[in-house]
Amino acid sequence: MARTILIDGGIGNRGMALLLVVSMIALLSVVIISFSRSMQLAVAETSHFQQSVLMESMAQSGLDIGLAVLQQDASRSDYDSFPENWARLGEAPLDLGIGQGAVSVLIIDLDGRFPVNSLVEMVAEGDNPPTGDSGMTPQQARDILLRLLQSGLFEVEDEAEARGIVESLTDWIDANDDELDYGAEASYYNSLEKTVVPRNGPVDFLNELLQVKGISRDLLYGNSEKEPLIEYISVKNKSGKININTAPLALIQALDERISADEIEGLDEFRRAEDNLEALSDSSWFTDFLPGDIDGLDLQGILSTQSNHFIIDSEARYQERFMVLQATVERSSENEMRLVFLEVE
């Protein structure tokens, strides 16, 4: 019996099936590779998020520790100084038991710095006493700031520039429109290409000072050659007094033109020694380091040994990443801690 053989130039059923299989495999390969990459990205993002959450928790823990140390300090003594626990907290990282993670906490005393708002006599608001009723007078404040600016530490050329900064800052804070000889009031700021409205009241944040005539970024934040003025001044201190136990040495020398660098060096060694802790409870210890022609009683009126305003820097590090919480806090007379400002870096 003869067989009939059909010849077809197309692809047979088996060839078509093979082609479909190959096509499906190729398509699935693309899908699998795309999915794998998406999963890798998702895992990386998840890991990044988890690390961020972990570091935030670590930094918050450091902040809580700083607050607790300040509260504990106030319950033990009514003065603040370098040999105490709060000031030594930043000497070594804290071990929170998190493998490759560590937290460093640094507490900085703001009441040892120059009180900017003391340049003008303030009116009492609520529980805050006016600056002029205690602590330094506005004239004392201006003289101290003038000497500090001429210390050579800052981006200030000469006495004329320093005086212009002091008087412009005074005009910025005072409520009147009477311009001091080297100062600047509304008429000056209105003449600028980008007009500015003077504060005419207490300064709340230090970065505001960049708007004041004569205060440059290099002056406020420093540069490779000069120190930052911002680390010597504060706007939180409303008492008009400076904590002599924690004040920067240049500020102490600026208290009186007759105080020399040699006397400051011995003073700093004394206030950092643990054996002298009890003596630091009263600012009278400072008079032992003054030249004989300076009446220590005149300076004691602008000095204190107690602080209520601090910066807490809490830095969390995990592997190669880090996060910083910087909190400005206020400690009340009832030993309650209040968060004034919080910044995340």
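Whatever comes next refers back to the structure up there.
Computed from a predicted structure; not experimentally measured.

(A) Highlighting the packing of aromatic side chains. According to the stated counting rule, one finds nine aromatic pairs in the structure shown. Between W285 and F286, the ring centres sit 6.4 Å apart and the planes meet at 85°, which makes this aromatic pair edge-to-face. Taking the relative accessible area as the measure of exposure, W285 reaches 4% and is therefore buried. In this structure F286 comes out as buried when scored by relative accessible area, which is 1%. With a centroid separation of 6.0 Å and 80° between ring planes, the pair formed by W285 and F289 is classed as edge-to-face. Three or more aromatic residues joined by ring pairs form one cluster here, namely F270, W285, F286 and F289. Residue placement shows K213 over the ring face of Y188; its charged tip is 5.0 Å from the ring centre. When the ring centre of F82 is taken as reference, the NZ or CZ atom of R272 above it lies at 4.0 Å.

(B) Local environment of the layout of surface pockets. Considered as a void within the structure, the largest pocket measures approximately 1,000 Å³ in volume. Elements represented by at least two residues in the lining of the largest pocket include exactly α2 (85-88), β1 (101-109), α8 (261-272), β6 (309-318), β7 (321-331) and β8 (337-344). Considering only residue class, the lining of the largest pocket consists of 18 nonpolar, six polar and 11 charged.

(C) Inspection of the pairing of β6 at higher detail. Buried residues dominate β6, accounting for eight of its 10 residues. Bridge analysis of β1 against β6 gives nine bridges, and the strand direction is antiparallel. Within β6, the position partnered with L106 by the bridge is D313. One ladder, built from 10 bridges, connects β6 with β7; its direction is antiparallel. Within β7, the residue paired with H309 across the bridge is E330.

(D) Region of interest: the packing of helix α3 (residues 138-149) against helix α4 (residues 159-173). Their axes nearest at 9 Å, the elements α3 and α4 cross at an angle of 140°. With respect to α4, the axis of α3 lies oblique. As α3 runs across α4, the sense of the crossing is right-handed. Contacts between α3 and α4 involve R142, L145, L146 and L149 on the former and, on the latter, E159, A162, R163, I165, V166, L169 and T170. Looking at the contact of α3 with α4 residue by residue, the class counts come to seven nonpolar, one polar and three charged.

(E) Representation of a negative patch on the surface in the model. A contiguous patch of negative charge, built from E155, E157, D158, D218 and E225, is present on the exposed surface. With respect to the helices, strands and loops of the structure, D158 is situated in the loop between α3 and α4.

(F) A look at the sheet that holds β6. Here four strands make up an open sheet; going across it, the order is β1-β6-β7-β8 and the pairing antiparallel. Looking at the sheet topology across the chains shown, the edges are occupied by β1 and β8. In this sheet, neighbouring strand axes are inclined to one another by 20° on average, regardless of whether the strands run parallel or antiparallel.

(G) Representation of the side chain of E185 in the model. Here E185 shows up in the loop between α4 and α5 (186-190). Here E185 is buried and forms no salt bridge, its nearest opposite-charge partner R142 lying at an N-O distance of 9.6 Å.

(H) Quick peek at α3. Between its first and last C-alpha atoms α3 spans 16 Å; for 12 residues at 1.5 Å apiece the expected length is 16 Å, and the two agree. Burial in α3 covers these residues: P138, A141, I144, L145, L146, L148 and L149.

(I) Just α4, in detail. Between its first and last C-alpha, α4 extends 21 Å over 15 residues, near the 21 Å set by a 1.5 Å rise per residue. A large share of α4 lies buried, amounting to 11 of its 15 residues. The inward-facing, buried residues of α4 contact α3, α5 and α6 (217-221). A distance of 3.3 Å separates the backbone nitrogen of A160 from a side-chain oxygen at the start of α4, and that oxygen is part of D158.

What counts and what doesn't
Residues numbered from 1 in each chain as written. Predicted model: local features only at pLDDT ≥ 70, side-chain atom pairs only at ≥ 80, totals over all residues. Heavy atoms only, no water. Phe/Tyr/Trp six-rings, centres within 6.5 Å; stacked < 30°, edge-to-face > 60°. Buried < 20%, exposed > 50% of the residue type's maximum accessible area, 1.4 Å probe, protein only. Lys NZ or Arg CZ within 6 Å of the ring centre and 35° of its normal. 1 Å grid on protein atoms, 1.4 Å probe; cavity = no way out; pocket = protein on both sides within 12 Å on 5 of 7 lines; lining within 4 Å. Points joined across faces, edges and corners; volume = space filled by probe spheres on them. Helix = DSSP H or I, 4+ residues; strand = E, 2+ residues; numbered from the N terminus. Nonpolar A, V, L, I, M, F, W, Y, C, P; charged D, E, K, R; others polar. Pairing = 2+ DSSP bridges. Axes fitted to C-alpha atoms, helices over the stretch in contact; angles between N-to-C directions. Parallel < 35°, antiparallel > 145°, perpendicular 65-115°, else oblique. Left-handed = near helix turned anticlockwise from the far one by under 90°. Contact = heavy atoms within 4.5 Å. Patch = residues over 30% accessible without salt bridge, like charges linked within 9 Å, V, L, I, M, F, W, Y side chains within 5 Å. Areas by Shrake-Rupley, 256 points an atom, 1.4 Å probe, with all protein chains shown as cover. Salt bridge = Lys/Arg side-chain N within 4 Å of Asp/Glu carboxyl O. Lys, Arg positive; Asp, Glu negative; His and termini not counted. Charge placed at Lys NZ, Arg CZ, Asp CG, Glu CD. Expected span 1.5 Å × (residues − 1). Polar contact = N/O pair within 3.5 Å; in protein donor to acceptor, adjacent residues only side chain to side chain.

These results come straight from atomic positions and should not be treated as a statement about function.
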